[in-house]
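Structural overview for review
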Amino acid sequence: KKRLQLLTSGQNKISVIEGSIKAYPTYQETTESLAHPVEVNLQDLKLILLKLEGPRSEEAPKPHLIITDCKIERKAGPTQEIFSLDLKALKREYLK
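Let me sum up the structure you'll find in this document. As the structure is a computational prediction, the values presented were derived from the model and not from experiment. (Residues numbered from 1 in each chain as written. Predicted model: local features only at pLDDT ≥ 70, side-chain atom pairs only at ≥ 80, totals over all residues. Heavy atoms only, no water.)

Let's talk about the overall build of the protein
Put simply, the rule reads: Helical segments are the DSSP runs of H or I of at least four residues, strand segments are the runs of E of at least two, and each set is numbered from the N terminus. The rule is simple: take the accessible area with a 1.4 Å probe, protein chains only, and divide by the maximum for that residue type; under 20% is buried, over 50% is exposed, in between is partly exposed. We call two residues in contact when some of their heavy atoms are within 4.5 Å.
Looking only at helices and strands, the protein features 2 helices and 5 strands. Helices (α) and strands (β) of the protein occur, in sequence order from the N terminus, as α-β-β-β-α-β-β. Per-residue burial for the protein yields a buried fraction of 24% across its 96 residues. Look at the contacts in the protein between residues 6 or more apart in sequence, and 52% of them connect residues 24 or more apart.

Quick look at the structure:
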């Protein structure tokens, strides 16, 4: 019951907090972190990392993201492996 409530109440939703911004002549850096750890399964974890590290295209360039801190803890799940994920990243946006 507790797990179902966690998943359906929105408490497990990914929420990002922007930290300090540092400006340089050709780019700016912003620290980003999850507001709280989230529970994910292996498929979710792969998808999140693919979104962060995935290919960039010239038509829609992504900001340069550097994962600076990543904590993954394995939890016992009722039917599958569950992980608690907490991460921080540095977002680098190049100025034109």
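Remarks on the side chain of Asn-12
Using the following cut-off: Nitrogen and oxygen atoms within 3.5 Å of one another constitute a polar contact, given that in protein one can donate a hydrogen and the other can accept it, and given that sequence-neighbouring residues count only through two side-chain atoms.
On the secondary structure map, Asn-12 appears in the loop between α1 (2-8) and β1 (16-23). Judged by relative accessible area, which is 16%, Asn-12 ranks as buried. At 2.7 Å, the side chain of Asn-12 and the backbone nitrogen of Glu-39 are in polar contact.

As for the pattern of salt bridges
The criterion, for reference: A pairing counts as a salt bridge when a side-chain nitrogen of Lys or Arg comes within 4 Å of a carboxyl oxygen of Asp or Glu.
Taken as a whole, this structure holds 7 salt bridges when the rule is applied. Notably, a salt bridge pairs Lys-75 with Glu-39, separated by 2.6 Å at the nearest N-O pair. Of this pair, Lys-75 sits in strand β4 (residues 64-75) while Glu-39 sits in strand β3 (residues 38-41), placing them 36 residues apart in sequence. We classify Lys-75 as partly exposed; its relative accessible area is 35%. Across the salt bridge formed by Glu-81 and Arg-74, the nearest N and O atoms sit 3.2 Å from each other. By relative accessible area, which is 37% here, Glu-81 ends up partly exposed. Shared partners join several salt bridges into a network, and the residues in it are Glu-18, Glu-32, Lys-91 and Glu-93.

A closer look at the pairing of β3
Put simply, the test is: By definition, two strands form a pair when at least two bridges between them are found by DSSP.
Where burial is concerned, the two faces of β3 agree: the one with Val-38 and Val-40 and the one with Glu-39 and Asn-41 are both buried. Pairing geometry for β3 and strand β5 (residues 82-94), over 4 bridges, is antiparallel. Note on β5: the bridge partner recorded for Val-38 is Leu-85.

Side note on the packing of aromatic side chains
Note the threshold: Two aromatic rings, drawn from Phe, Tyr or Trp (for Trp, its six-membered ring), form a pair once their centres lie within 6.5 Å of each other, and the interplanar angle then sorts them: stacked below 30 degrees, edge-to-face above 60, tilted otherwise. As a reminder, the over-ring test applies to NZ of lysine and CZ of arginine, requiring each to be within 6 Å of the ring centre and within 35 degrees of the ring normal.
Applying the stated criterion across every chain, the model contains 2 aromatic pairs. Among the aromatic residues, those joined into a ring-pair cluster are Tyr-24, Tyr-27 and Tyr-94. Above the ring of Tyr-27, the side-chain terminus of Arg-92 is found at 4.9 Å from the ring centroid.

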